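As a plain string of letters, each chain reads:
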Amino acid sequence: MKRLSVLTAAAALLTTPVLADGHATGDAEAGERAFRQCISCHVVVDAEGETLAGRNARTGPNLWGIHGRVVGSVEDFRYSNGLTALMEAGTEWDEAAFVGYVQDPTGWIRETTGDDSLRGAMSFRVRSEEDALNLYAYLVSLGGPEAE
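None of the values given here were measured: they were computed from a predicted structure.

Residues P105, T106, W108 and I109 constitute the buried set of helix α5 (residues 105-113). Along α5, the residues classed as buried sweep out an arc of 165° about the axis, all on the same side. Next to the buried residues of α5 lie α3 (81-88) and α4 (95-103). In the stretch just after α5, G114 is the one whose phi turns positive, near 75°.

The following block contains the structure:
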């Protein structure tokens, strides 16, 4: 019985969606579906100007190439004081940061900076960690400067 559980665990690890460099553990396909809740504010437009996801939304920043990008660094976008502080500190987006932020923007900013006076401008919250992980995997699957 013990051998079977080891084999089951190994099979589960092999079927878990993980990118080669290990930075996205969610299901990109499920993330694509979940991204529908984001398109009223966000768009994913690559360096050539091709819209990969969303509409021409301007409320939130372009999410193309988010993995490894410094928080609050999309040119010509006006960020909240919280994300600006994180940008100045050189904080980069990774899976844990993204998941924490989209589930509780202001709470994550305050916890990350240690400053309870800072806020985020994003009022929407992703309800489940699974959806947040899937969204991140989807965004990473669309590529970015790092992937090219």
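Once the structure has been displayed, the description carries forward.
The next point concerns the packing of α3 against α5. The N-to-C vectors of α3 and α5 enclose an angle of 35°; their axes lie 10 Å apart at closest approach. Relative to α5, α3 is oriented so that their crossing is left-handed. On α5, the residues touching G82, L83 and L86 of α3 are W108, I109, T112 and T113.

Moving on, we get to the state of the cysteines. Evaluation of the coordinates by the stated rule reveals 0 disulfides. Left without a disulfide partner, C38 is nearest to the cysteine sulfur of C41, which lies 8.4 Å away.

Looking at the secondary structure, you find D116 in the loop between α5 and α6 (129-141). For the pair D116 and G82, spaced 34 residues apart in sequence, the C-alpha separation works out to 9.6 Å.

Ranked by size, the top nonpolar core spans 32 residues in total, and within it F35, L83, W93, F98 and L139 carry the most contacts. Contributing elements (two or more residues each) for this core: α3, α4, α5 and α6. For this core, the leading source of residues is α6, giving 7 residues. Setting aside anything within four residues of it in sequence, one finds L83 in contact with V71, G72, W93, Y101, I109 and R119.

The next point concerns the pattern of salt bridges. Inspection of every chain in the model, using the stated rule, returns 2 salt bridges. Note that R33 is salt-bridged to E29, the shortest N-O span being 3.9 Å. Taken as a pair, R33 and E29 lie in helix α2 (residues 28-34) at a separation of 4 residues, close to a single helical turn. With its nearest N and O atoms 2.9 Å apart, the salt bridge here joins D104 to R125.

Definitions and limits used
Residues numbered from 1 in each chain as written. Predicted model: local features only at pLDDT ≥ 70, side-chain atom pairs only at ≥ 80, totals over all residues. Heavy atoms only, no water. Buried < 20%, exposed > 50% of the residue type's maximum accessible area, 1.4 Å probe, protein only. Helix = DSSP H or I, 4+ residues; strand = E, 2+ residues; numbered from the N terminus. Arc of directions from axis to C-beta. Contact = heavy atoms within 4.5 Å. Axes fitted to C-alpha atoms, helices over the stretch in contact; angles between N-to-C directions. Left-handed = near helix turned anticlockwise from the far one by under 90°. Disulfide = S-S within 2.5 Å. Core = buried A, V, L, I, M, F, W, Y, C linked by side-chain atoms within 4.5 Å. Salt bridge = Lys/Arg side-chain N within 4 Å of Asp/Glu carboxyl O.

Function cannot be read off these values alone, since they describe shape.
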